[in-house]
Amino acid sequence: MNPDKQTFTLDGKTIPFCNGQTIIQAAMDAGEYIPHLCFNPEFKPHGSCKLCTVKADGRTTASCTQFAQDGMVVESNTKEINDERRVLLQMLFVEGNHFCPSCEKSGNCQLQATAYELNMMSPHFDQFFPDRPLDASHPEYFLDLNRCILCSLCVRASRDVDGKNVFALSGRGIKSHVIVNAQSGQLGDTDFAGDDKAAQVCPVGVILKKRVGFSVPIGKRSFDEQPISATPHPVVKEA
Amino acid sequence: MSTTLETATNPENLRRVAIDPVSRVEGHGKVTILLDDKNKVHQVRLHIVEFRGFEKFIQGRPYWEVPVMVQRLCGICPVSHHLAASKALDAIVGAKHLTPTAEKIRRLMHYGQIFQSHALHFFHLCSPDLLFGFDSDVSRRNIVGVAEKYPETAKRGVLMRKFGQEVIRHTAGKRVHGTGAVPGGVNKSLTIAERDELLKGIYQMVAWSRDAVHMIKELHHQNPELYNSFGAFRANFMSMVGYDGGLDLYHGTLRGRDENGNIMFDGVDYRNYTDLIGEEVKNWSYMKFPYLKSLGKEKGWYRVGPLSRVQNCDFIPTPLAEIERREFVAYSGVMPMHAPLGYHWARMIEMLHAAEMIKDLLHDDAITGSELMTSGVRGIEGVGVIEAPRGTLIHHYRVDENDLVTMCNLIVSTTHNNQAMNEAVRRVAQQYLNGHEITEGLLNHIEVAVRAFDPCLSCATHALGKMPLEVEVLNEAGEQLSSLSRSAEGVVCSLN
Ligand code: SF4
Ligand code: FES
């Protein structure tokens, strides 16, 4: 078997891959979009959001953790799978406090862009309206945990790239939440810095640079110009 | 100045009539009337469910979110809140003077808002009453009826509103709930293409605005008896005027006049508004009653909005609107005009002014400039005031060292007019309802008086004259004696 010639099909299209690549990695390299939130090609997969769910040879699996195999038949953009993804998104929306119209990440947010992509027209479920704190103790950055989707990208970035462990997930089930590494529980008391990788990775509007707000006009934000599906490696603009 | 109908002496023995909701106004309000068995009016109150919760809600949020978040207060004049908040927060980022581009883009946005709001109010919400008569056939007394009988008027209403919205879209990024103004400036200026697109339409808008002033003026002249006396009461008035005393809806100082038109205060820095204005709470209304502290609660209430502004300024700095202002002032004579229906006339003069201002700004190169932001020494407190379509709008914030809002106080235009609107409905009740069998047409007179103020009673309701209305007549035991209902289609039926 020639390892360079390995391929699988994604919704009928032939996708080449190398040994050790996951389905989503190979798809991204080939310019194909599979919805995802907790996956970022720069970090080890976490496999928690399940947005990237596909059917591989008829078996439901997370494409960010499933290695590609030669000859595999992968279905992704089907009504059945997209219906399930939409329900996952709706659950994410109601579990947190996501008020897009007044959120400064609007237009640059992967959760919002994915919801547009999958035609999510309403949250469908009753809102939880959780009571989550806003941490503005750091002079340059703030955390609005109302919008956290527990993707753990900040945890991975801080641990694996910054070597700092500023962020961690704590609690179980519906009580899961992000904590920071300080006795006081405040970001301002950690060694978090603006040039940390962890400052750049949040796919939603939790970890934000202060005083930026709405400085990018509507029409010039990442997903105003093109939908998320046309941006396989979403580069979210830093203002 | 005020009537005595606020509280009846023996309410136990009276019938209660409720107009709930008041239609063709923005939001939800109701009027309750107490009548005795001879249909004599003993008590009239306009009640409003207002958005006070917002001031709490904003606490603990980062200040730069506020201008976008406050727009949620209102689906009809979000831009006004957007700009008043931005002006207040300019002080937090130390922006004493905006760049010329930022100031002019904000003004353009504001005049776009005034223009579209006044057009909507006049053509969609009020022209049915004014063109057909207050107690005309209710099934026709709506914008659909206007479109049938006066298609050109209705068409202009639609296109003018649309033009105003386009001005907003180009300056704020979206027609509703945009993001254009930010503390310290704006996030975009106009492209040449955007400017040229607006330039194509603006001359028509100026011409149509002038026609609209002439139309309402005609109506006044045709029926001075009605227009000058309907719901009329005398009151103080207040508005912001420019530093030169001219009409300026975006920036200036506060000026107040008494009911005879004499200046009571002038040149007041709006940052000191709490020295000037107090707010009284009454147990029967959710909306506070502001008053001038110098005159006290009883006598200190006042009127804001177009009728005040057009008479409060020394001149209007655009030529066509200035000609109309002079005619308006000459018409009312030595005394200021106090008639609520005068609001419509004044409002159309302002719409013309807004159109002229938009035209001038579109010819100003600064609106395509690239210097958008400015900042300076960080502040902790800011007050922003603008003259919104409905009147003086005050936003006041304090921000802590972590950039979070710790205090928010808002006095919105409709709140300033609370007592004045109550006075107007009491006058109309006395003039028209006293001693008569209550009909839908008579009750609409009450609504006409409320509508003259263009109140924004709460958030986004676009009823366009089709809001369902129920009127109940109850006896003292609270039992229903008779009732009328109007469906969303305008069909009126007796419920028993
Ligand atoms: S803060 Fe952002 S990056 Fe971190 S877990 Fe929550 S959503 Fe993910
Ligand atoms: S992207 Fe695969 S589980 Fe989240």
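What counts as what
- Residues numbered from 1 in each chain as written.
- Chains lettered and ligands numbered in written order.
- Predicted model: local features only at pLDDT ≥ 70, side-chain atom pairs only at ≥ 80, totals over all residues.
- Heavy atoms only, no water.
- Near = heavy atom within 4 Å.
- Nonpolar A, V, L, I, M, F, W, Y, C, P; charged D, E, K, R; others polar.
- Contact = heavy atoms within 4.5 Å.
- Buried area = accessible area lost by both parts, 1.4 Å probe.
- Salt bridge = Lys/Arg side-chain N within 4 Å of Asp/Glu carboxyl O.
- Helix = DSSP H or I, 4+ residues; strand = E, 2+ residues; numbered from the N terminus.
- Expected span 1.5 Å × (residues − 1).
- Bend = angle between axes of the 7 residues up to and from the residue.
- Axes fitted to C-alpha atoms, helices over the stretch in contact; angles between N-to-C directions.
- Left-handed = near helix turned anticlockwise from the far one by under 90°.
- Domains from an automatic or database assignment.
- Pairing = 2+ DSSP bridges.
- Phe/Tyr/Trp six-rings, centres within 6.5 Å; stacked < 30°, edge-to-face > 60°.
- Buried < 20%, exposed > 50% of the residue type's maximum accessible area, 1.4 Å probe, protein only.
- Lys NZ or Arg CZ within 6 Å of the ring centre and 35° of its normal.

The next point concerns the site of ligand 1. All residues adjacent to ligand 1 are C148, I149, L150, C151, S152, C154, V178, C202, P203, V204 and V206 of chain A. Split into classes, the residues belonging to the shell around ligand 1 amount to ten nonpolar, one polar and no charged.

Listed per partner, the contact involves 18 residues of chain A and 20 residues of chain B. Interface area for chain A against chain B, summed over the two sides, is near 1600 Å², with a carbon-plus-sulfur share of 63%. Ranking the residues of chain A by area buried against chain B places R211, F214 and I218 of chain A at the top, with a combined share of 38%. There are four salt bridges connecting chain A and chain B. Notably, a salt bridge pairs D403 of chain B with R211 of chain A, separated by 2.6 Å at the nearest N-O pair.

This part is about helix α7 (residues 192-222) of chain B. The terminal C-alpha atoms of α7 of chain B, which comprises 31 residues, lie 45 Å apart, in line with the 45 Å expected from a rise of 1.5 Å per residue. Along α7 of chain B, the largest kink reaches about 35° and is centred on G201 of chain B.

Glancing now at the packing of helix α4 (residues 100-132) of chain B against helix α13 (residues 342-362) of chain B. Residues and elements named next belong to chain B. α13 packs onto α4 with a crossing angle of 145° between their chain directions and a minimal axis gap of 9 Å. When the axes of α4 and α13 are compared, the crossing they make is left-handed. Partitioned by chemical class, the residues of the contact of α4 with α13 number 17 nonpolar, five polar and four charged.

Here we take up the domain arrangement of chain A. All names here are of chain A. According to the domain assignment, chain A consists of domain 1 (3-77) and domain 2 (92-213). Taking only C-alpha atoms into account, the centre of domain 1 sits 26 Å from that of domain 2. Counting residues at the interface gives 13 residues for domain 1, matched by 19 residues for domain 2. Taken together, the connections running from domain 1 to domain 2 amount to one salt bridge. E42 is the salt-bridge partner of K197, the closest N and O atoms lying 2.9 Å from each other.

Attention now moves to the sheet that holds strand β14 (residues 405-411) of chain B. Residues and elements named next belong to chain B. Pairing within the open sheet is antiparallel, and its three strands lie in the order β12-β13-β14. Looking at strand neighbours, the two that pair on one side only are β12 (381-388) and β14, the edges of this open sheet. Averaged over all pairs of adjacent strands, the angle between strand axes in this sheet comes to 15°, irrespective of strand direction. Of the pairings in the sheet, the one linking β12 to strand β13 (residues 391-399) comprises eight bridges and is antiparallel in character. Each bridged residue has a counterpart across the sheet, and for G384 the counterpart in β13 is H395. Contacting β12 and β13, helix α3 (residues 78-90) crosses the sheet at an angle of about 145° to β12.

Here the structure, examined in full by the defined rule, presents eleven aromatic pairs over all chains. Where F167 of chain A meets F192 of chain A, the ring centres are 5.9 Å apart and the plane angle is 80°; that geometry is what we call edge-to-face. Of the two residues, F167 of chain A is situated in strand β8 (residues 167-170) and F192 of chain A in the loop between β9 (177-180) and β10 (207-209); the sequence distance between them amounts to 25 residues. Note on accessibility: F167 of chain A and F192 of chain A belong to one class, buried. For the ring pair F328 of chain B and W345 of chain B, a centre distance of 4.9 Å and an interplane angle of 80° mean the geometry is edge-to-face. Pair noted here: F328 of chain B is in helix α12 (residues 319-332) and W345 of chain B is in helix α13, with a separation of 17 residues, a long-range link. Owing to a relative accessible area of 0%, F328 of chain B belongs among the buried residues under this scheme. Put simply, the rings of Y141, F167 and F192 of chain A touch in pairs and so form one group of aromatic residues. Positioned over the ring face of Y250 of chain B is K87 of chain B, at 4.6 Å from the centre of the ring.

Next up on the list: the sheet that holds strand β6 (residues 236-241) of chain B. Residues and elements named next belong to chain B. In spatial order, the strands read β8-β7-β6-β11; together these four strands make up an open sheet with mixed pairing. The open sheet terminates on both sides in strands that have one partner only, identified here as β8 (263-268) and β11 (302-303). Pairing of β6 with β11, which is carried by two bridges, proceeds in the parallel orientation. Of the residues in β11, the one forming a bridge with N236 is Y302.

Here we take up the pattern of salt bridges. Taken as a whole, this structure holds 41 salt bridges over all chains when the rule is applied. Across the pair E166 of chain B and R169 of chain B runs a salt bridge, and its minimum N-O distance is 2.8 Å. Of the two residues, E166 of chain B and R169 of chain B are both situated in helix α6 (residues 151-172); the distance of three residues between them amounts to about one turn of the helix. For E166 of chain B, a relative accessible area of 13% translates into the label buried. Take R169 of chain B: its relative accessible area is 33%, and that puts it in the partly exposed class. One salt bridge in this structure joins D314 of chain B and R257 of chain B, with 4.0 Å as the shortest N-O distance. Of the two residues, D314 of chain B is situated in the loop between α11 (306-312) and α12 and R257 of chain B in strand β7 (residues 253-257); the sequence distance between them amounts to 57 residues. In this structure, a network of salt bridges that share partners links the residues E140, K210 and R211 of chain A together with R378 and D403 of chain B.

What follows deals with the pairing of strand β1 (residues 7-10) of chain A. Residue and element names in this part refer to chain A. Residue alternation in β1 divides its side chains into a buried set, F8 and L10, and an unburied set, T7 and T9. By the bridge criterion, four bridges tie β1 to strand β2 (residues 13-16) in an arrangement that is antiparallel. When the bridges of β2 are listed, F8 appears paired with I15. The antiparallel hairpin formed by β1 and β2 contains two residues in its connecting segment, where D11 sits at a positive phi of about 50°. As paired strands, β1 and strand β5 (residues 73-75) are joined by two bridges and run parallel to one another. Opposite L10, over in β5, you have V74 as the bridge partner.

On to unusual backbone geometry. Residue and element names in this part refer to chain A. Of note in the backbone geometry, S152 takes a positive phi value of approximately 70° without being a glycine. Tracing the backbone shows S152 in the loop between β7 (141-144) and α4 (153-161). Positive phi outside glycine occurs at R211, with the angle close to 60°.

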